[in-house]
Amino acid sequence: MKKSNSLDTVDQNTVATSDLTDDDDKELVALGYKPSFKREFSNLATISFAFSIMGLCSSIATTFNTPLLLGGPASVVWCWILGACVCFTLGTSIAEIVSAFPTCGGLYTASAQLTPRKHRAKVGWLVGWLNILGQIAGVSSTEFGLSNMIWAAVSIGQGPDFQLTSGKVVGLFAGLMVFHGILNSLATRHLAKMTAGFVFVNLGTTFLIIIVLLATTPRSEMHPASYVFGSAGIVNQTGGWNTGIAFLFGLLSVQWTMTDYDATAHISEEVHRAAYAAPSAIFIAVIGTGLIGWLLNIVMILCSGPLVLVVRENLPGPSGSAFLQIMVDRMGRTGALILWVPVCLTAFFVVQTALQATSRTVYAFSRDNGLPDRGYFGKNSSATDTPLRAVWLSTFIGILPGLLDLASPVAANAIFSLTAMALDLSYIIPIFLRRIYYNHPEISFKPGPFYLGNGILGNFCNWLCIFWTLFICVIFSLPTVLPVTKDNMNYASAITGGVVILSSLWYIIAGHKHYHGPQSNLHDDSENKNTSPKDAKNLA
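The structure displayed is predicted, hence computed values, not measured ones.

### A word on the overall build of the chain
Move 1: In terms of regular secondary structure, the chain is built from 21 helices and zero strands.
Move 2: In terms of C-alpha radius of gyration, the chain reaches 23 Å, essentially the compact-globule figure of 24 Å for 540 residues.
Move 3: Oriented by its inertia axes, the alpha-carbon framework of the chain measures out at about 75 × 45 × 40 Å.
Move 4: Contacts spanning at least 24 positions in sequence make up 82% of the contacts within the chain whose residues lie at least 6 apart.
Move 5: Between the centroid of the 31 positive side chains of the chain and the centroid of its 30 negative side chains there is a distance of 4 Å.

### Brief notes about the packing of aromatic side chains
Move 1: In this structure the tally under the stated criterion is 31 aromatic pairs.
Move 2: Here Tyr-261 and Tyr-427 contribute two aromatic rings whose centre-to-centre distance is 5.7 Å and whose plane-to-plane angle is 70 degrees, an arrangement assigned as edge-to-face. Within this pair, whereas Tyr-261 is found in the loop between helix H13 (251-257) and helix H14 (274-302), its partner Tyr-427 is found in helix H19 (residues 418-436), the two being separated by 166 residues in sequence.
Move 3: Aromatic pair Trp-392 and Phe-396: ring centres 5.6 Å apart, planes at 35 degrees, arrangement tilted. Here Phe-396 and Trp-392 lie together in helix H17 (residues 388-407), a separation of four residues that amounts to about one turn.
Move 4: Of the residues examined, Trp-392 reaches a relative accessible area of 23% and is grouped as partly exposed.
Move 5: On the basis of relative accessibility, which here comes to 49%, the residue Phe-396 falls in the partly exposed class.
Move 6: By way of ring pairs, the aromatic residues Tyr-108, Trp-125, Trp-129, Phe-365, Trp-506, Tyr-507 and Tyr-515 are connected into one cluster.
Move 7: The ring centre of Tyr-276 lies 4.3 Å from the NZ or CZ of Arg-273, which sits over that ring.
Move 8: Sitting over the ring of Tyr-376, Arg-389 keeps its end group 4.0 Å from the ring centre.

### Points about the nonpolar core
Move 1: Membership of the largest hydrophobic core comes to 148 residues, with the highest contact counts inside it found for Phe-64, Ile-94, Ile-209, Met-258, Tyr-261, Phe-323 and Trp-340.
Move 2: Residue contributions to this core peak at 23 residues, all from helix H16 (residues 322-367).
Move 3: For Ile-94, the residues in contact, after removing those within four places along its chain, are Leu-107, Tyr-261, Asp-262, Ile-282, Tyr-427 and Ile-431.
Move 4: Core analysis: the second largest hydrophobic core is formed by five residues, Ala-137, Leu-418, Ala-422 and Val-499 among them.

### With respect to the packing of helix H2 (residues 43-54) against helix H9 (residues 188-196)
Move 1: Where H2 contacts H9, the axes come no closer than 8 Å and their chain directions differ by 65 degrees. Our classification of the angle between H2 and H9 gives roughly perpendicular. Of the two possible hands of crossing, H2 and H9 adopt the one that is left-handed. Each of Leu-44, Ala-45, Ser-48 and Phe-49 in H2 lies in contact with H9, whose residues at this interface are Ala-192, Thr-195 and Ala-196.
Move 2: Of the residues that constitute the contact of H2 with H9, the class distribution is five nonpolar, two polar and no charged.

### Let's talk about unusual backbone geometry
Move 1: For the peptide bond that leads from Leu-482 to Pro-483, omega is -5 degrees, which places it in the cis range.
Move 2: At Arg-273, a residue that is not glycine, the phi angle is positive and equals roughly 50 degrees.
Move 3: You can see Arg-273 is positioned in the loop between H13 and H14.
Move 4: Residue Arg-374 is not a glycine yet carries a positive backbone phi of 55 degrees.

### A look at a nonpolar patch on the surface
Move 1: A surface patch of nonpolar side chains, about 540 Å² in accessible area, is lined by Ile-501, Leu-502, Leu-505, Ile-508 and Ile-509.
Move 2: Along the chain, Ile-509 falls in helix H21 (residues 492-514).
Move 3: On the accessibility criterion, Ile-509 (61% relative accessible area) is exposed.

### Some words on the packing of helix H8 (residues 166-183) against H16
Move 1: Where H8 meets H16, the closest approach of the two axes is 10 Å, and the angle between their N-to-C directions is 55 degrees. Considering the angle they form, H8 stands oblique to H16. Here H8 runs over H16; the crossing is right-handed. Contact residues: H8 offers Leu-176, Phe-179, His-180, Gly-181 and Leu-183, while H16 offers Phe-348, Val-351, Gln-352 and Leu-355.
Move 2: For the contact of H8 with H16, the class distribution of residues is six nonpolar, three polar and no charged.

### Side note on the side chain of Ser-48
Move 1: Among the structural elements, Ser-48 can be located in helix H2.
Move 2: Under the relative-accessibility criterion, Ser-48 is labelled buried at 0%.
Move 3: Apart from residues no more than four positions distant in its own chain, Ser-48 is found in contact with Thr-195, Ala-196, Gly-197, Phe-198 and Val-199.

### Some words on the side chain of Thr-346
Move 1: Tracing the sequence through the fold places Thr-346 in helix H16.
Move 2: Relative accessible area serves as the criterion here: at 1%, Thr-346 is assigned to the buried category.
Move 3: Not counting residues up to four positions away in its chain, the partners in contact with Thr-346 are Gly-55, Cys-57, Ser-58, Val-201, Asn-202 and Thr-205.

### Concerning the confidence of the model for the chain
Move 1: Counting all residues, the mean pLDDT for the chain is 86, and 90% of those residues have values of 70 or more.
Move 2: Low pLDDT (under 50) marks residues 1-20, which in the prediction has 58 contacts with non-local residues, meaning those over four places away or in another chain.

### Re H19
Move 1: Helix length check: H19 (19 residues) gives 27 Å between terminal C-alpha atoms against 27 Å at 1.5 Å per residue, within 8%.
Move 2: Burial analysis of H19 places 15 of its 19 residues in the buried class, which makes it a mostly covered element.

### A word on the pattern of salt bridges
Move 1: Scanning all chains against the criterion turns up six salt bridges.
Move 2: Across the salt bridge formed by Glu-269 and Arg-367, the nearest N and O atoms sit 3.3 Å from each other. Pair noted here: Glu-269 is in the loop between H13 and H14 and Arg-367 is in helix H16, with a separation of 98 residues, a long-range link.
Move 3: Overall, the relative accessible area of 1% leaves Glu-269 in the buried class.
Move 4: Between Arg-360 and Glu-270 there is a salt bridge; the shortest N-O distance is 2.9 Å. On the criterion of sequence distance, the pair formed by Arg-360 in helix H16 and Glu-270 in the loop between H13 and H14 is long-range, its members being 90 residues apart.

Thresholds applied
- Residues numbered from 1 in each chain as written.
- Predicted model: local features only at pLDDT ≥ 70, side-chain atom pairs only at ≥ 80, totals over all residues.
- Heavy atoms only, no water.
- Helix = DSSP H or I, 4+ residues; strand = E, 2+ residues; numbered from the N terminus.
- Rg over C-alpha atoms; globule rule 2.2 N^0.38 Å.
- Contact = heavy atoms within 4.5 Å.
- Lys, Arg positive; Asp, Glu negative; His and termini not counted.
- Charge placed at Lys NZ, Arg CZ, Asp CG, Glu CD.
- Phe/Tyr/Trp six-rings, centres within 6.5 Å; stacked < 30°, edge-to-face > 60°.
- Buried < 20%, exposed > 50% of the residue type's maximum accessible area, 1.4 Å probe, protein only.
- Lys NZ or Arg CZ within 6 Å of the ring centre and 35° of its normal.
- Core = buried A, V, L, I, M, F, W, Y, C linked by side-chain atoms within 4.5 Å.
- Axes fitted to C-alpha atoms, helices over the stretch in contact; angles between N-to-C directions.
- Parallel < 35°, antiparallel > 145°, perpendicular 65-115°, else oblique.
- Left-handed = near helix turned anticlockwise from the far one by under 90°.
- Nonpolar A, V, L, I, M, F, W, Y, C, P; charged D, E, K, R; others polar.
- Patch = residues over 30% accessible without salt bridge, like charges linked within 9 Å, V, L, I, M, F, W, Y side chains within 5 Å.
- Areas by Shrake-Rupley, 256 points an atom, 1.4 Å probe, with all protein chains shown as cover.
- Salt bridge = Lys/Arg side-chain N within 4 Å of Asp/Glu carboxyl O.
- pLDDT = per-residue confidence, 0-100.
- Expected span 1.5 Å × (residues − 1).

What follows is the structure, encoded as structure tokens:
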């Protein structure tokens, strides 16, 4: 779909919105889509959305075991800031593309527009499926993690006699998924008001944990710098990998936390001044999450307890969460459980925003006939002006991996592992296309307000994040402990490869019949509120 240079496709006599929203809608129509959402997200709500999708304290809490129990405390600290710095280049590169293509299709739509015509349908199809399935797996795995976080608190409160079963975890998970589906069925104005407060809970909880841990840990029991930052804190517990690989496994936490950057792009059709607000929110959230997350990790390690007990005897503790156990050890059971409530709320907000973003992606893909549904899920409800069909499709599909845990936890974890690798690959494809087809005659890249340029800065950020993501995909593919068994095997690469192969076969066999790349919907008058029939045209 080629971007039109004309902004005259909006019928000014039928626009009943402010000049500001009118400018947003003109830009959307220039991209080939009619305005179907109400722009209710303010700058604060958009920034809060971008922060909330990463989770910060809750995401660190659910992934803290991995670096601590594989590479040791120093791996927690140094891998976070290393990964965060490079994630900043990825987030910035994504923000540039989002600024140029502020549609709810996000990087999926951008990918197809940044490739020559003969490849647009194939590229759009691949990126669309990687992005959608990665997002659904992300929603499901985060909700499953939230269920475990809640039961971990119950375990701490009830004591050693409490028995946690798969049925309890899955039952709570399914209930939470349905509840999030109900919340996401609200109109955009309600979602925006609700989302605006998420960032204060997120950041407030993080700083509160930092302050309370420092206040309750005697200076004599804090670890020395050599343990927090030096070689004394490198503890290889992988069972066979060399120390270098064990240390690099610490990157898994930051990469899992700082992902889903493009979620803000998927609500861009609901955002005021989307070309400015969406990329700015991504930029601010990536910097904030990286720096504040590093501080939280440092304090957690600093206050984690006597060296001899850190990993082998004391952590992760009866709850299975090293993060929660450190809080219990320092704050006492009551204090830790009180602070654990807003940590769980932060995880709740992650799922809330992630499900909203996922539903908008499904909506955009269906709108372009990417699903074999004849556009059924690419329609908005007349009652809420939101894609309720896409919301509930995303909700019910998101429940399935969790239900799989009842039969095979290994299979469920294999599906969950799709999240980071699939999403990261879907991110670097449009960035790669942006560079290699820069001078192609069929590509018309019109930079948005957030623009890195084509000089040293732009090229450095783009190429660094591409090569880093490919490197991280290798780390994501490695089994974290040796020897490898069917229970600890890492299936991430196999699942992601399976998605690529199966989606490609589907496209060859049937997908090409109904999907031809992103398509303008200006010709469809059933929902057209801001354009006149004479202006409708197919920009594909």
